[in-house]
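# Summary of the model geometry
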Amino acid sequence: MSASRDADVIAPLSDDPLTDAEVRRLREDFPILQVEVNGHPLSYLDSGATSQRPFAVLDAERTFATTLNAAVHRGAHTLAAEATEIFEDARATVARFIGADEGEIVWTSNATEALNLVAYSISNASLGRGGVAAERLRLREGDEIVTTEMEHHANLIPWQELAARTGATLRVIPLDDEGALRLDVAAELIGERTKLVAFTHVSNVLGVINPVEQLVALARAVGALVVLDACQSAPHLPLDVRELDVDFAVLSGHKMLGPTGIGALYGRRELLEIMPPFLTGGSMITTVTTTEATYLPPPQRFEAGTQKVSQTVALAAAVDYLTAVGMPRIAAHEAAFGARLVEGLSAIDGVRVLGAGIDLPRVGLASFDVDGIHSHDLGQFLDDRGIAVRVGHHCAQPLHRRLGVTSSTRASTYLYTTDDEIDAVLDGVQGAIDFFRRGA
Amino acid sequence: MSDLQNLYQELILDHSRTPHGFGLRGEIAAQSHQVNPTCGDEVTLQVHRAGDGSIEAIAWEGHGCAISQASASLLAELAEGLTVEELEIRIASFREAMRSRGKIEPDEELLGDVAALGGVSRYVARVKCAMLAWVAVEDALHKA
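Residues numbered from 1 in each chain as written. Chains lettered and ligands numbered in written order. Predicted model: local features only at pLDDT ≥ 70, side-chain atom pairs only at ≥ 80, totals over all residues.

## Focus on the overall build of chain B
Tallying secondary structure elements over chain B gives six helices and three strands in all. When the elements of chain B are put in sequence order from the N terminus, they spell out α-α-β-β-β-α-α-α-α. Rg of the C-alpha trace for chain B: 14 Å, near the compact-globule value of 15 Å for 144 residues, within the 12% margin. Seen along its three principal axes, the alpha-carbon backbone of chain B occupies a region of about 45 × 30 × 25 Å. Looking at chain B residue by residue over its 144 residues, the buried ones come to 43%. A separation threshold of at least 6 residues defines the contact pool for chain B, and within that pool the share at least 24 residues apart is 60%. (Helix = DSSP H or I, 4+ residues; strand = E, 2+ residues; numbered from the N terminus. Rg over C-alpha atoms; globule rule 2.2 N^0.38 Å. Buried ≥ 20, exposed ≤ 12 C-beta atoms within 10 Å, placed from the backbone. Contact = placed C-beta atoms within 7 Å.)

## Let's talk about the sheet that holds strand S2 (residues 41-49) of chain B
Residue and element names in this part refer to chain B. The strand order S1-S2-S3 describes an open sheet built from three strands, whose pairing is antiparallel. Each edge of the sheet is formed by a strand with only one pairing partner; in this case those strands are strand S1 (30-36) and strand S3 (55-63). Each neighbouring strand pair of the sheet contributes to a mean axis angle of 15°, computed without reference to strand direction. The pairing of S2 with S3 spans eight bridges and is antiparallel. When the sheet's bridge partners are listed, Thr-44 is paired in S3 with Glu-61. Helix H6 (residues 124-143) contacts S1, S2 and S3 of the sheet and is inclined by roughly 150° relative to S1. (Pairing = 2+ DSSP bridges. Axes fitted to C-alpha atoms, helices over the stretch in contact; angles between N-to-C directions.)

## Re the sheet that holds strand S17 (residues 408-412) of chain A
All names here are of chain A. A sheet is described by the order of its strands in space; here four strands give the open sequence S13-S14-S17-S16, paired in antiparallel fashion. Only two strands of the sheet have a single neighbouring strand rather than two, namely strand S13 (351-353) and strand S16 (390-392). Neighbouring strand axes in the sheet, compared pairwise and without regard to direction, differ in orientation by 30° on average. Relative to S17, strand S14 (residues 365-370) runs antiparallel, the two being bridged by four bridges. Paired with Ser-367 across the strands is Arg-410, a residue of S17. Strand contacts of helix H12 (residues 375-384): S14, S16 and S17, with the helix running at about 160° to S16, the strand carrying the most contacts.

## Focus on the confidence of the model for chain A
Predicted coordinates in regions of low pLDDT should not be interpreted in detail. Per-residue pLDDT for chain A has a mean of 95; in total, 97% of the residues score no lower than 70. When the criterion is pLDDT under 50, residues 1-8 of chain A qualifies, and its contacts beyond four places in sequence or with other chains add up to 21 contacts. (pLDDT = per-residue confidence, 0-100.)

## Focus: the interface of chain B and chain A
Contact residues are listed per partner, giving 14 residues for chain B and 15 residues for chain A. With three residues, helix H2 (residues 10-17) of chain B is the single largest residue contributor to the side of chain B that touches chain A. Considering only residue class, the side of chain B that touches chain A consists of six nonpolar, four polar and four charged. (Nonpolar A, V, L, I, M, F, W, Y, C, P; charged D, E, K, R; others polar.)

## Notes on the pairing of strand S6 (residues 169-173) of chain A
As paired strands, strand S5 (residues 144-148) of chain A and S6(A) are joined by five bridges and run parallel to one another. Looking at the pairing, Ile145(A) lines up with Leu170(A) of S6(A).

## Structural notes on helix H7 (residues 212-221) of chain A
Residues and elements named next belong to chain A. Of the positions making up H7, those classed as buried are Val-212, Leu-215, Leu-218 and Ala-219. Axial view of H7: buried residues confined to an arc of 130°, hence all on one face. Those residues of H7 hidden inside the fold are in contact with helix H6 (183-189), strand S7 (194-200), strand S8 (225-229) and helix H8 (241-244). Within two residues after H7, Gly-223 carries a phi angle of roughly 75°, on the positive side. (Arc of directions from axis to C-beta.)

## Digging into the packing of helix H4 (residues 111-126) of chain A against helix H5 (residues 157-166) of chain A
All names here are of chain A. Relative orientation of the contacting elements H4 and H5 amounts to 10°, with a least axis distance of 10 Å. In terms of orientation, H4 and H5 fall into the roughly parallel class. Listed contacts from H5 to Leu-115, Asn-116, Ala-119, Ile-122, Ser-123 and Ser-126 of H4 are Pro-158, Trp-159, Glu-161, Leu-162, Arg-165 and Thr-166. Each residue belonging to the contact of H4 with H5 can be placed in one class, and the counts come to six nonpolar, four polar and two charged. (Parallel < 35°, antiparallel > 145°, perpendicular 65-115°, else oblique.)

## Remarks on the domain arrangement of chain A
Residue and element names in this part refer to chain A. Looking at the assigned domains, one finds that chain A contains domain 1 (7-53 + 326-436) and domain 2 (62-322). Relative placement of domain 1 and domain 2: their C-alpha centres are 28 Å apart. With 30 residues of domain 1 in contact, the opposing surface of domain 2 contributes 28 residues. Of all the secondary-structure elements, those providing two or more residues to the side of domain 1 that touches domain 2 are helix H11 (327-346), S14, helix H13 (397-402) and S17. Among the elements that make up the side of domain 1 that touches domain 2, the one with the highest residue count is H11 (six residues). Split into classes, the residues belonging to the side of domain 1 that touches domain 2 amount to 16 nonpolar, nine polar and five charged. (Domains from an automatic or database assignment.)

## Here we look at the environment of Arg301(A)
Residues and elements named next belong to chain A. Looking at the element boundaries, Arg-301 is found in the loop between strand S12 (293-295) and helix H10 (309-325). For the pair Arg-301 and Asn-155, spaced 146 residues apart in sequence, the C-alpha to C-alpha distance is 23 Å. Contacts of Arg-301, omitting those with residues within four sequence positions, involve Pro-277, Met-284, Tyr-295 and Leu-296.

Structural data, given as structure tokens:
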């Protein structure tokens, strides 16, 4: 399974943005980027929602299905053994990609399930499951969970529910008028009662890279656990969970060139070891009687039922592909687009880029509001030109409410994005303004 | 006319800019609140009835895309003076056209200016926008 047909033309050890020639070569690896939409070449600027897949990923999934398919961690026949090996190799590949040990990666269906796994495991510990060992995970009335006002609903609602089930209180770090986290308030909110702090590494609406180090320091000072939503960072930035010193991190396969239906939870080994299971059933047990069961060590303890094998193999191929291109280069390539989007959109009369004034580094993602034009109408106009963007609240209603809008339009880039596509978005937004204001 | 111009006809843009029936009333009336969870668009709509039971006016407030706003406005304009049965026939006819994926043009005789929304039915993702106020009026009538 080669990582990339063209990996030899890429210099992954450099930090330079990808050259135009390199991006053109990369784009040949992505069959969907050759399609036409509404009579125009596709300009895909919705990678923040889901990324496109290179041949290496598509081929990995197909090769597995056609030559190796078998259920893993059961059965003794040749295919079962080989499938198990490749499944565990995929785990090791993803672990290396984010600086973890392979025993610290739990496969999930998506990042949402990964966050719910943590929340439900803590919930179960709070009910006494996991015994004495799980004591440090227990939440009681008076305990506090801290999250932020900018979270994707997936990193908010599981904590709302966990608080409701355990009697703990959910506290929310507010945003300033620009949309930046109020770190001064965070320092007041995170205190002796705080047991867990959950926040996003990169905002899926603002594109800004949050100051993880400062938030982790606040949590560490009071002994709280840290959950990092890395869905928008793992695909776009070099990521090292140990360097960031977080206890948990979640990622989403389909946002990083992989298929849908696969996500991962990173958990610090000593925490995974004391956590009671979330989903229970086959494949996660050692001994079962009709009245009780004992459980396997992590990560298998958290992987009940038949696993998604071809998806893990494909995700590993995606990670190999990204590694071959070089994450520092991808990050540099996209940072330039982020800056261009913010600058170019802000220069258009009537356009407000959400979080434009935040003084933080950002990825290639910008959400914006156009005065008098609803995001759905704007998205429709752009779609007519073959430009795919995200419209709506991007699963972040509290953030939008705080910034005084109900929805926004989001353009998000990836390693295959070109300057021409950014131009197309900027021209398209101006075109939409002219179109919808006609006759007004 | 391009597909896009057909979707966003002048009439629709005019209705979205200066909507008919916008503004809820203080008096008691059958009311419904509907949200489109994918985009957060919402409408609150009241059905005010005349002494003979016919529809005196539809009053509504909400926010959303040009399609949803124009559709609510066109609905308010259409419903005035109709009996409940007459409105229900029109709701059914509009829904059928909207769900037809461009195969059925709205019945202009029955629906009047509402027929300008015909282009929406080719855009499956936008049918919910056009239907939002119509679902609300149906819900309000059922509650009454």
